[in-house]
Amino acid sequence: MPLQNRVDPFGNLLAVNARGAWMGNRGILHDEHKRIVHRWRHPNWVLCTLEYKGKRREVFGPGTYSELFFLDEATAFSAGHRPCNRCRRERCQAFRDAWIAANPEQTARRLPEIDRVLHRERVRRNGTKVCFEA
């Protein structure tokens, strides 16, 4: 049975066999039985490369963040994730610069501040994900 770690454009966590081209992080979302027990644990939802400096991780390992997988970057952005500042530094800085240019009324300039604004915009007070239809 696949783990519940594939993310759709609406931010839902699904258990499907499809492979992802990108990995994401929202904190430790799983329990000791590798079941999802939280939708997120912190406001910085990031999008990472599948490989970083040759490190190997146990997916949903004990005491480590829950690896989430995305079909593509567009799906990750739609789900509310931004590029990681560690493994995708250049892309993250471009995202930050574009976000600041598109939000001149905001005083947020540093990633933790931007993450808090993004989180307020992506999640309702009752814990559900905000989605927009166009």
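Everything here concerns the structure above.
Below is a short write-up of the structure.

Cut-offs applied
Residues numbered from 1 in each chain as written. Predicted model: local features only at pLDDT ≥ 70, side-chain atom pairs only at ≥ 80, totals over all residues. Heavy atoms only, no water. Helix = DSSP H or I, 4+ residues; strand = E, 2+ residues; numbered from the N terminus. Polar contact = N/O pair within 3.5 Å; in protein donor to acceptor, adjacent residues only side chain to side chain. Contact = heavy atoms within 4.5 Å. Core = buried A, V, L, I, M, F, W, Y, C linked by side-chain atoms within 4.5 Å. Buried < 20%, exposed > 50% of the residue type's maximum accessible area, 1.4 Å probe, protein only. Phe/Tyr/Trp six-rings, centres within 6.5 Å; stacked < 30°, edge-to-face > 60°. Lys NZ or Arg CZ within 6 Å of the ring centre and 35° of its normal.

1. Some words on the side chain of His30
Position of His30 among the secondary structure elements: in the loop between strand 3 (22–25) and strand 4 (46–48). A polar contact is formed between the side chain of His30 and the backbone oxygen of Phe60, at a distance of 3.1 Å. A distance of 2.9 Å separates a polar side-chain atom of His30 from the backbone oxygen of Gly61. The residues contacting His30, other than those within four sequence positions of it, are Arg35, Ile36, Val37, Phe60, Gly61, Thr64, Tyr65 and Ser66.

2. Considerations on the nonpolar core
The biggest cluster of nonpolar side chains holds 10 residues, and these are Val7, Leu13, Leu29, Ile36, Leu47, Phe60, Leu68, Phe70, Ala76 and Ala79. Secondary-structure elements contributing two or more residues to this core are strand 5 (68–70) and helix 1 (73–79). Those residues in contact with Leu29, other than ones at most four positions away along the chain, are Leu13, Arg35, Ile36, Val37, His38, Arg39, Trp40, Arg41, Ser66 and Leu68.

3. Here's the deal with the environment of Glu90
Examined against the element boundaries, Glu90 turns out to sit in helix 2 (residues 89–102). On the basis of relative accessible area, Glu90 is assigned to the exposed category, the value being 73%. A sequence separation of 88 residues divides Glu90 from Pro2, and the C-alpha atoms of the two residues are 33 Å apart.

4. Quick word on the packing of aromatic side chains
One pass over the full model with this rule turns up two aromatic pairs. Taking 5.8 Å as the distance between ring centres and 45° as the angle between the ring planes, the aromatic pair formed by Trp40 and Trp45 counts as tilted. We note that Trp40, like Trp45, is buried. One cation-aromatic arrangement involves Arg26 over Trp45; the distance from NZ or CZ to the ring centre is 3.9 Å. The ring of Tyr65 has Arg57 lying over it, and the distance from NZ or CZ to the ring centre is 3.8 Å.

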